[in-house]
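# Coordinate analysis (summary)
The lines below spell out each chain.
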Amino acid sequence: MVIGIGRSIFAISAVAALGLGGLRAQDVKETFQEAKRLLWANEDEKALEKLREVLAANPGHEEAYQLWKETDARLWRYLLAKGGDYQKIADYLLSLSTVERKQRIHDADAIRGLVAKALGGDTGVRQTAALELAANHGEFAVPYLVDALGNADEDEGQTRAIVALERIGTVGTLALLPLLRSDNKTLRMNAALGLRYLRDNRSLPWLQRVAEQDEDAGVRAIAKKAVAEIGGDTVPNSHDLFVSQSHRFLAGDPLLVRDKDASEVVWDLVDGKLVPREVPHQLFALEQSKNCAYGALAVEPGSQEGLVALTRAYVAEQTVIEGVLATNPEDEAMQKVKPSVDELGITVLAAGPEVVRVAVQRSIDEGMIPSAVSGLHTLARLEDPRGLAGSPLLASLGSNDKRLAYASALSLAGMNAPLEQGTREMIVKVLADAVQEQAIKNISVLSPRAELREAFGSMKGGFWVDASTEALPGMVRLAETPSDVVVIDENIKGKHPLEVIKFARRTCPGAKILLIANSEESAASFGDKVDGVMLEVADATALRGKVDELLADADLGPNRRFATQIAEASARAMASLDASVYDLAPATGPGHDRLARVVGLFSLKALAHGGGAEALDDVAKVLAENKGNEEVAVAACEALGRIMARTATADASVCGALATLAADRGASVAVRSAAVAALGRAPLSVAERAKLLEGLRVDPGKGEAGGSDDM
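Counting from 1, residues in each chain are numbered in the order their sequence is written. Restriction of local features to residues with pLDDT of at least 70 applies here, the model being predicted, together with a cutoff of 80 or more for giving and counting side-chain atom pairs; totals for whole chains, interfaces and linings are based on all residues. Each side-chain value is derived from all of the structure's non-hydrogen atoms; neither hydrogens nor water enter the calculation.

## Structural notes on helix α7 (residues 108–118)
The periodicity of an α-helix, 3.6 residues per turn, causes residues three or four places apart in sequence to face the same way. Spelled out, the test is: For the exposure calls, accessible area comes from a 1.4 Å probe over protein chains only, and a residue counts as buried if that area is under 20% of its type's maximum, exposed if over 50%, partly exposed in between. Helix and strand assignments follow DSSP, with helices taken as H or I runs no shorter than four residues and strands as E runs no shorter than two, numbered in order from the N terminus. This arc corresponds to the set of directions leading from the helix axis out to the C-beta atoms. Between two residues, a contact is recorded if the distance between any of their heavy atoms is within 4.5 Å. Any pair of N or O atoms that falls within 3.5 Å is considered a polar contact. Within protein, one atom must be able to donate a hydrogen and the other to accept it, and sequence-neighbouring residues count only if both atoms are side-chain atoms.
Of all the residues in α7, the buried ones are I111, L114, V115 and A118. Buried residues in α7, looked at end-on, bunch into an arc of 105°, giving them a common side. Along α7, exposed side chains directed more than 90 degrees from the buried face belong to D109 and A116. Contacts made by the buried residues of α7 are with α8 (123–136) and α10 (155–168). Where α7 begins, the capping side chain belongs to D107, and its oxygen is found 3.3 Å from the backbone nitrogen of D109.

## Notes on the nonpolar core
One recurring pattern in soluble globular proteins is that nonpolar side chains are buried together. Selection criterion: Residues belong to one nonpolar core when they are buried, are Ala, Val, Leu, Ile, Met, Phe, Trp, Tyr or Cys, and are joined through side-chain atoms within 4.5 Å.
I321, M334, L393, I427, L623 and L658 are the most contacted members of the largest nonpolar core, which totals 97 residues. Broken down by element, this core gets its largest block of residues, 11 residues, from helix α17 (residues 304–327). Among residues more than four places away in sequence, those in contact with M334 are P280, Q282, L283, V320, I321, V324 and L325. Core analysis: the second largest hydrophobic core is formed by 60 residues, A134, V227, F249 and F284 among them.

## Quick word on the pairing of strand β3 (residues 441–446)
Note the cut-off: Note on pairing: DSSP must find at least two bridges between two strands before they are called paired.
The element β3 is largely enclosed, with a buried count of 6 among its 6 residues. Burial along β3 is two-sided: K441, I443 and V445 and N442, S444 and L446, pointing in opposite directions, are all buried. Here β3 runs beside strand β4 (residues 463–468); their pairing, made up of 6 bridges, is parallel. Note that in β4 the partner of L446 across the bridge is S468. Relative to strand β5 (residues 485–489), β3 runs parallel, the two sharing 4 bridges. Residue pairing in the sheet places I443 in a bridge with V485 of β5.

## Focus: the packing of aromatic side chains
Quick reminder of the rule: Any Phe, Tyr or Trp ring, taking Trp's six-membered ring, that has another such ring centre within 6.5 Å forms a pair; planes under 30 degrees apart are called stacked, those over 60 apart edge-to-face, and the others tilted.
According to the stated counting rule, one finds 3 aromatic pairs in the structure shown. Between W206 and F242, the ring centres sit 4.5 Å apart and the planes meet at 75°, which makes this aromatic pair edge-to-face. Placement of W206 in helix α13 (residues 204–213) and of F242 in helix α15 (residues 238–251) is noted, with a sequence separation of 36 residues between them. Residue classification places W206 among the buried residues on the basis of a relative accessible area of 5%. Given a relative accessible area of 0%, F242 falls into the buried group.

## Describing the pattern of salt bridges
Test applied: Just to be clear on terms, a salt bridge is a Lys or Arg side-chain nitrogen sitting within 4 Å of an Asp or Glu carboxyl oxygen.
What the rule picks out here adds up to 30 salt bridges. Across the salt bridge formed by E343 and R672, the nearest N and O atoms sit 2.9 Å from each other. Pair noted here: E343 is in helix α19 (residues 340–348) and R672 is in helix α35 (residues 669–681), with a separation of 329 residues, a long-range link. Each of the two residues, E343 as well as R672, counts as buried.

## A closer look at the environment of E49
Relative to the helices and strands, E49 is located in helix α3 (residues 44–56). Of the residues examined, E49 reaches a relative accessible area of 39% and is grouped as partly exposed. Between the C-alpha atoms of E49 and T31, which are 18 residues apart in sequence, the distance is 10.0 Å.

## Some words on the packing of helix α34 (residues 652–662) against α35
Geometry of a packed helix pair, given as the angle between the helix axes and the separation of the axes. Put simply, the rule reads: Axis definition: a line fitted to C-alpha atoms, over the contacting stretch in the case of helices. Angles run 0 to 180 degrees between N-to-C directions. Take the far helix as the reference: if the near one is turned anticlockwise from it by less than a right angle, the crossing is left-handed, and if turned clockwise, right-handed. Residue polarity is assigned by list, with Asp, Glu, Lys and Arg as charged and Ala, Val, Leu, Ile, Met, Phe, Trp, Tyr, Cys and Pro as nonpolar; anything else, Gly included, falls into the polar class.
The contact between α34 and α35 brings their axes to 8 Å, and the two run at 145°. Crossing geometry of α34 relative to α35 is assigned as left-handed. Side by side, α34 and α35 meet where C655, L658, A659, L661 and A662 of the first sit next to V671, R672, A675, V676, A678 and L679 of the second. A per-class count over the contact of α34 with α35 returns 10 nonpolar, no polar and 1 charged.

## A few points about the sheet that holds β3
On the basis of which strands lie adjacent, the open sheet formed by 5 strands has the order β4-β3-β5-β6-β7 and parallel pairing. Strand pairing shows two members of the sheet lacking a second neighbour, β4 and β7 (532–534), which therefore form its edges. For this sheet, the mean inter-axis angle between neighbouring strands, taken without regard to orientation, is 20°.

Listed below in C-alpha cells is the structure:
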C-alpha cells in the first residue's frame, strides 16, 4: 500500500484531474494562506492537509510563483527542514515557481529600483524591497549591491547591503564568492561577512582560503569567524576543502547540488565587476567542481589531488556535452557550448598519465561510467605501452560493464603494447563482441531498493544500466548519461516523484519513463505522466519484456548509430593487430568482413616506438617544417611524446615548441591535441603541469580558453 505522500497526493491529484472534486484553482491562494496560519499555530497535521489540497488543484507556474513571492523565506526553510511530505510539497511548489521567476529575474531596471529602496532610509520600505529582491531576482541582485558593499565611506550602506544579502539567501552564495578575490579590502570584508550570515557550506573552501592567505588581518579575522560558525571547530585547510568539494559536486552530493540553489549561470569577477556566464543546467554542478579544483591548485600549485579533481571535472563536462548532443542535437543551450568540446579534450591531456589513472579509477568506483570511458580513451594517449601495470586500461578489460570493456579493448589494441597472452586473447574476444553490437540501450534506475537495482543490472544483451539510490545524484547522472528508459521508484528519496519525472522529460526528451509503483491506486494517479507501470519486479526476464514493450515504437536511431560506431572502431582495431602475435580466430564470425586497414606514417611511428633522446631534435625539425600537414604533424607530436616518456627526457626547447603549438588557435584541433598529449607524456613536474593547465583553461560559453582566474 502507498504510505503518506505516495497515496495522499496522487489520489487527490487524480480526483482533481478528472474534475470529480478537489480544490478549485482560484482558491489556491486562500488555502495556502490557511496552511501557513495553521503552521504558525503549530497545527502541522491540519496544515499538511491544506498543502495537499493546494497540490491537488494542480497550480500553474504563475500561481506557484505568486505563492512563493508572497511567502516569507522562513516558512519555505521551515517546510524544507521539516522533511517528509512537507519538504516534498515545498520542493514541488518551488520548482513550479522557478519557471515564472526566470522570466522576471534579469530585469535590470527593476533591480536598480529595488536596491535603491533596500539601501534607503525608511525601515519598512527597506524590508519590503529586500524581500522583493529575494523573491524576484535572487543571485542577479548581488552585482547591484557591490558598490554599497565596497564603499568604505558609507557604513550604513554597507550594513543595509548585507541585510539585503541575508534576505536573498543561499541562492546568492556563488555570486558572492568571486568578491573574496577583489582588490577592494572593504568589499572582501563585507563579502566574507555576508557569507558568514548565509551559513552555506559551499562557501567554506573560499572563506578558509581568505582566513589563511588574505593580506589584511581584519579580513582574515572575519573569514576565520565565518568558517568556525559554518564548519565548526575542526575544519580542514582550504586545499583539502577545495578537493573534497570538487569531487562532491561532481558526484551530485545533495548537500552541495541543491535544486533550489541550482542555476544556469556561473559568476566571474571581471575588471572588478560581477559578470554572469551562462551555462546549460547540466553543466552547473560540473562548473562548480572545476572552480573548486582550480581553487585547490591556486592554494597548492603542486597538488596532484587538485589535478585529479580538475581532470575529472573536464572529462565529465566533455562527456555531458557530447552525450546530450548525441541524443538531442537541437538542444540550444548545449549547441552554444559545443565549440568547447574539443578544447576540453585538448586541455585534459596535459594532466599526464598518473593523474588520469587516479581520475579514471575514482570515476569507476563512483559509478560515473561515461566519464570513466572518456578517461580511458584519454589515458590511452598518455600511457607508456611498456608500463601498463596497475593501469585502469588493463583492469577495465575484464569489467562486467561493456562500456568499460569496449573502451579498454579499443585503447589497448591501438597501443602496440607488449601484453601477456591472456590479455591479448581477452582483447580479441571483447573486440569481436563489440563488432556484433546492433543497438545499445541505456537504462537509468532511480530506486532506494537494492533488489530492484540489481534486477535491472542483471539484464544482458544490448543494455547499459546506471543506478542511483537517491533522486539528486540520479538526476545529475541523467545529464551525463542520456537514457532510453528512465525507471523511477515511487519510493525514491530526496525528491517528489513528479519532480523527478519532469526533470527526466526535460533532460531526456525521447526517453520512456517506467514507474515502479506501490499500488494500483497510486499507479493510476500518474495517468499519462509515465509511459509504463510495474507493481512488482519478479526477475530480469519480466523487466526485459517490459522494457522491450516500451521501446517497441521508440526511435533507436542514436543507439544503432552508436553501436555501429563501436562495431566499426572495433573492426578497425582488430585489423591493426599483428596476426603473428594475436590469435584473431574469435573475430571470424559475423561482422568480420567490416574490418578495415589503417595506414600510417611508418618512419615517424618507428621513431615513436624505438627512437632515443638523440632523435628529438630531428623530429622537432620535421614538426616545425610540417605544421600545416596534419597527418605528419600529428605523427611527429606522437613521436616526440613517446620518446620523452620512454627516455625520461623533458627537453626544454621541444616542450616550448609543443606548448606554443598547443596554444596556436590557427592550428587544427588534431594537431593541437597531439601537441598537448606529447606534453602530457613528458616527465614534467606537478607544478609545471598545473601551470600548463592554467594556461589552457576552458570555460564553456566564455568564448576562449586560457588565462582565467582560479574561480
